[in-house]
Amino acid sequence: MESASLPLGHRRSAGSRFDRLLRPLAFLSAPTLLLGVLFLTPMVVMLVIALNHGVLSGQSGFTLSNFTDAISDPLYREVAWTTFQIATIAMLIQLLIAVPLAYVLAFKVGRWEIPLLLFLVLADELNPMVRIYAWRMLLGREGLINEGLMSIGLIDAPIDALLFSKFSVIVVLSTSYLTYTVIPIYAAMKAVDRNLFEAARDLGAGWWTTSRRVLLPLIAPGIFVALLLVYIPLFTDFASPTLVGGTSGYMLGQVVNDLVLETGDLNAGAAMSLLMLAASALFAVIAYRLARIRQLES
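Bear in mind that the values here come from a model prediction, so they are computed numbers and not experimental data.

Some details on the overall build of the protein
Across its full length, the protein holds 15 helices and zero strands. Within the protein, contacts between residues at least 6 apart in sequence are counted, and of these 69% link residues at least 24 apart. Looking at the protein as shown, the accessible area adds up to about 18,300 Å², and 70% of this sits on carbon and sulfur atoms.

Describing the packing of helix H4 (residues 74-107) against helix H12 (residues 220-236)
Running from N to C, H4 and H12 cross one another at 145 degrees; their axes reach a closest spacing of 10 Å. The handedness of the crossing between H4 and H12 is right-handed. On H12, the residues that touch Thr83, Phe84, Ala87, Thr88, Ala90, Met91, Gln94 and Leu95 of H4 are Ile223, Leu227, Val230, Tyr231, Leu234 and Phe235. Residue composition of the contact of H4 with H12, by class: eleven nonpolar, three polar and no charged.

Side note on the pattern of salt bridges
Counted according to the given criterion, the structure contains two salt bridges. In this structure, the salt-bridge partner of Glu113 is Lys190, at a minimum N-O distance of 3.1 Å. Taken together, the positions of Glu113 in helix H5 (residues 113-124) and Lys190 in helix H9 (residues 178-190) put the pair 77 residues apart, joining distant regions of the chain. The class for Glu113 is buried, based on a relative accessible area of 12%.

Brief notes about the packing of aromatic side chains
Within this structure, the stated rule accounts for seven aromatic pairs. Look at Tyr103 and Phe107: their rings are 5.1 Å apart centre to centre, the planes differ by 55 degrees, and that puts the pair in the tilted class. On the criterion of helical spacing, the pair formed by Tyr103 and Phe107 is a turn pair, its members being four residues apart in helix H4. The class for Tyr103 is partly exposed, based on a relative accessible area of 25%. Note on Phe107: relative accessible area 12%, which makes it buried. Residues Trp207 and Trp208 carry aromatic rings whose centres are separated by 6.1 Å and whose planes lie at 75 degrees to one another, so their mutual orientation is edge-to-face. An aromatic cluster is built from Tyr103, Phe107 and Phe197, whose rings are joined through pairwise contacts.

So, the layout of surface pockets
If you add up the space inside the largest pocket, you get close to 830 Å³. When residues of the lining of the largest pocket are traced back to their parent elements, those giving at least two are helix H3 (65-72), H4, H12 and helix H15 (266-297). In terms of residue count, the dominant contributor to the lining of the largest pocket is H15 (eleven residues). Classifying every residue of the lining of the largest pocket gives 27 nonpolar, two polar and two charged. The space that makes up the second largest pocket amounts to roughly 360 Å³. Every residue lining the second largest pocket is counted, 13 residues in all, and those nearest its centre are Trp207, Thr210, Ser211, Arg212 and Leu215. Contributing elements (two or more residues each) for the lining of the second largest pocket: H4, helix H10 (195-202) and helix H11 (207-218). If one sorts the elements of the lining of the second largest pocket by residue count, H11 sits on top with seven residues. For the lining of the second largest pocket, a count of residues per class yields eight nonpolar, three polar and two charged.

Here's the deal with the nonpolar core
One finds Leu173, Ile185, Met189, Ile219, Leu227, Tyr231 and Leu234 to be the most contacted residues of the largest nonpolar core, which totals 50 residues. If one sorts the elements of this core by residue count, H4 sits on top with eleven residues. Each residue touching Ile185, except ones within four places of it in the same chain, is listed here: Leu95, Ala98, Val99, Ala102, Ile219, Gly222, Ile223 and Ala226. If you look at the next biggest cluster of nonpolar residues, it comprises ten residues, including Val79, Leu252, Leu259 and Met272.

Quick word on unusual backbone geometry
The backbone of Phe164 shows a phi angle near 60 degrees, a positive value even though the residue is not glycine. Within the secondary structure layout, Phe164 lies in the loop between helix H7 (144-151) and helix H8 (166-176).

Basis of the calculations
Residues numbered from 1 in each chain as written. Predicted model: local features only at pLDDT ≥ 70, side-chain atom pairs only at ≥ 80, totals over all residues. Heavy atoms only, no water. Helix = DSSP H or I, 4+ residues; strand = E, 2+ residues; numbered from the N terminus. Contact = heavy atoms within 4.5 Å. Areas by Shrake-Rupley, 256 points an atom, 1.4 Å probe, with all protein chains shown as cover. Axes fitted to C-alpha atoms, helices over the stretch in contact; angles between N-to-C directions. Left-handed = near helix turned anticlockwise from the far one by under 90°. Nonpolar A, V, L, I, M, F, W, Y, C, P; charged D, E, K, R; others polar. Salt bridge = Lys/Arg side-chain N within 4 Å of Asp/Glu carboxyl O. Buried < 20%, exposed > 50% of the residue type's maximum accessible area, 1.4 Å probe, protein only. Phe/Tyr/Trp six-rings, centres within 6.5 Å; stacked < 30°, edge-to-face > 60°. 1 Å grid on protein atoms, 1.4 Å probe; cavity = no way out; pocket = protein on both sides within 12 Å on 5 of 7 lines; lining within 4 Å. Points joined across faces, edges and corners; volume = space filled by probe spheres on them. Core = buried A, V, L, I, M, F, W, Y, C linked by side-chain atoms within 4.5 Å.

This is the structure:
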């Protein structure tokens, strides 16, 4: 009765507002539900596998031993520490390269900006295996680097540490994900008003102060996205450590690969994968908080 007493114009405006609210929900509900199912279903299956004793143990039923063994085993802790070292150093190297490179692309190259950006993207389209084997040819005992250093007299014998070591894994990983580090930071820099740099210089700020107090807080969201796109996959990469790492460059991605494919222990592999996923989620929260702090400081 109350709605009937409302004027026709009010009822139409209320209905239109209701439609404007429901229409986006209707468009988003189907893909959101699909993504939720496609994401949650594998996670539930993996959790069930991780909580099961499995065939290899000769027992049945659910258990937490797969998780506790992965956490308490000193070998896994050592591999986790090695993985953290390699991934962190590789990520820092990429940021040290990506930030200046993104700055040059965004502000300095002028009409060459798009061609250079496309070249950067096309360089990443190279097959990862080809890129890894190219580094093996460069870093090996008879590789171009050793041959070049010996030819100019800097060394008398090949340097074995260039390949099948932590160093080689860091080098390969640092170059493998560089594009995914540069592009989010470049996109964040394109949103920065370059007049801010001139204003900072007019106020007496040098390049270091301008970079630290003006540029970095403004591109913090881009750095956050780069960390999510690159730093987390660095922990799970297994191709590069397998082909160039040797025993000293053994990483968590190889652990999961070996548990599942070599020993057939799906349960332990699923538990290790879920622990890595939890660690990745924790890192994402920390990185987001740090990015927010940098924005608030600006």
